[in-house]
Amino acid sequence: MSSDSSTATVDTHGLDREGLHHAYRTMVLMRAMHDRATNLQRQGRIHSWLGCFGQEAAIIGSGLAMAKEDWIFPSYREHAVALVRGVPARKLFDHLYGNAEDNAKGRNLPPEYTFRDINYVSISAPVGTQIPQAVGVAMAAKLRKDPIAVITYFGDGTSSTADAHTGMNFAGVWKAPVIFFCQNNGWAISVPTSQQTAAETIASRAVGYGFEGLRVDGNDLLAVYGVTKAAAEKARLGGGPTLIEAMTYRVGPHSTSDDPTAYRDDAEVAPWRDRDPIAVYERQLAALGHWDEAFGQEVRAWATAELQTAAREASEVAQPELTTIFEEVYAEMPWHIREQRDAHMSLRAATPTAH
Ligand SMILES: Cc1ncc(C[n+]2csc(CCOP(=O)(O)OP(=O)(O)O)c2C)c(N)n1
Ligand SMILES: [Mg+2]
């Protein structure tokens, strides 16, 4: 399914000019953030960075399709879903710096963002754990008769985990209002998608779980928006789960610890650069009369300035108090944690320079 401007008409699936531009700004911001955060990591200012270079359409198109009340169970590349749901870039940097204003107070690994006010739930490091969790929340919503949908994101590699099977099987049996959004980006670090499954597509697995599965051009924001919106509406109306396989490509490295030249040929990457999701979307917007080069430049300049300010401000915030590592796991601190905290405090008092 594609709504590229090379086809006769561009279907906006009901998005007005403001919504279209909001998606565009978020895409450009996310792309600029990739460069900014990579540089900060190389300078040793942040610990690590996992970007979504080349996957902005899949992430932002699907995120935009979800309603305010819906719940998001992301993997580690979907921070742009938080941006498109109104989280300021500054909050992403607070997390990357692990400063005192980071929602996780520096206690999570850098891609484990958490934004409670927009129902964006933090992941855990083992891939796939978010999938059964999302199904659980979807089931709870169904039992409570809350008319909401839940979306969970994962990659082609993660589609091979036991958690993916458990989550999808359970959701199919109980008709949970959940969308399984698989970003097939060609790679799971250095393992190609061809080694994940003998099935022709990941989407086809949905048949075995008793619900609908479909593939979408993951580099076409409007196509992704359209199918995700339809899946969310179906879920809210009691129609059960949908598996969406968004065909895209991880143009950048897996993370700042990865060097993809060690395991893939640049000839494989080149065609995807030509199908850059931002360029695809710009052509669509231009065909609708909502984009020209001057507007593109204005948005790029805005994004650069926005990120400079956000990164600077976050870098100036103090580190969290060390005692916060003992807090907020239990509503009331149990004795053994209190003992550890007190031992830690005495040690610090005795050796003030050692942490
Ligand atoms: C259970 C588990 N196994 C292995 C890892 C190490 N690991 C982290 S990311 C990753 C690749 C996942 O690939 P994919 O699901 O395709 O997502 P992508 O990185 O392409 O977005 C692996 C193997 C992990 N975090 N958890
Ligand atoms: Mg992958």
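Above this text is the structure in question.
Residues numbered from 1 in each chain as written. Chains lettered and ligands numbered in written order. Predicted model: local features only at pLDDT ≥ 70, side-chain atom pairs only at ≥ 80, totals over all residues. Heavy atoms only, no water.

Draft legend 1. Main features of the coordination of the magnesium ion (ligand 2). Around the magnesium ion (ligand 2), the donor atoms from the protein are D156 (OD), N185 (OD1) and W187 (O), and they sit 2.1 to 2.2 Å away. Under the relative-accessibility criterion, N185 is labelled buried at 5%. (Donors = N, O, S within 2.8 Å, 3.2 Å for Na, K, Ca; no water. Buried < 20%, exposed > 50% of the residue type's maximum accessible area, 1.4 Å probe, protein only.)

Draft legend 2. Here's a closer look at the pattern of salt bridges. This model, assessed by the stated rule, comprises 19 salt bridges. Notably, a salt bridge pairs R273 with D266, separated by 3.6 Å at the nearest N-O pair. For D266, a relative accessible area of 47% puts it in the partly exposed group. In this structure, a network of salt bridges that share partners links the residues R90, K91, D94, E101 and E313. (Salt bridge = Lys/Arg side-chain N within 4 Å of Asp/Glu carboxyl O.)

Draft legend 3. Quick look at the nonpolar core. Y24, F93 and Y281 are the most contacted members of the largest nonpolar core, which totals 66 residues. In terms of residue count, the dominant contributor to this core is helix α1 (residues 17-42) (10 residues). With residues near it in sequence (within four places) discarded, F93 still touches M33, R36, L40, L307, A310, A311 and A314. In this structure, F73, A138, M139 and L243 belong to the second largest nonpolar core, which totals 22 residues. (Core = buried A, V, L, I, M, F, W, Y, C linked by side-chain atoms within 4.5 Å. Helix = DSSP H or I, 4+ residues; strand = E, 2+ residues; numbered from the N terminus. Contact = heavy atoms within 4.5 Å.)

Draft legend 4. Geometry of the site of ligand 1. Taken together, 14 residues form the shell around ligand 1, and within it Y76, R77, T158, N185 and W187 come nearest. Between an oxygen atom of ligand 1 and a side-chain N or O atom of D156, the distance comes to 3.2 Å. When ligand 1 is considered free in solution it has 580 Å² of accessible area, and contact with the protein chains removes 69% of it. Its residues assigned to classes, the shell around ligand 1 comprises seven nonpolar, five polar and two charged. (Near = heavy atom within 4 Å. Polar contact = N/O pair within 3.5 Å; in protein donor to acceptor, adjacent residues only side chain to side chain. Areas by Shrake-Rupley, 256 points an atom, 1.4 Å probe, with all protein chains shown as cover. Nonpolar A, V, L, I, M, F, W, Y, C, P; charged D, E, K, R; others polar.)

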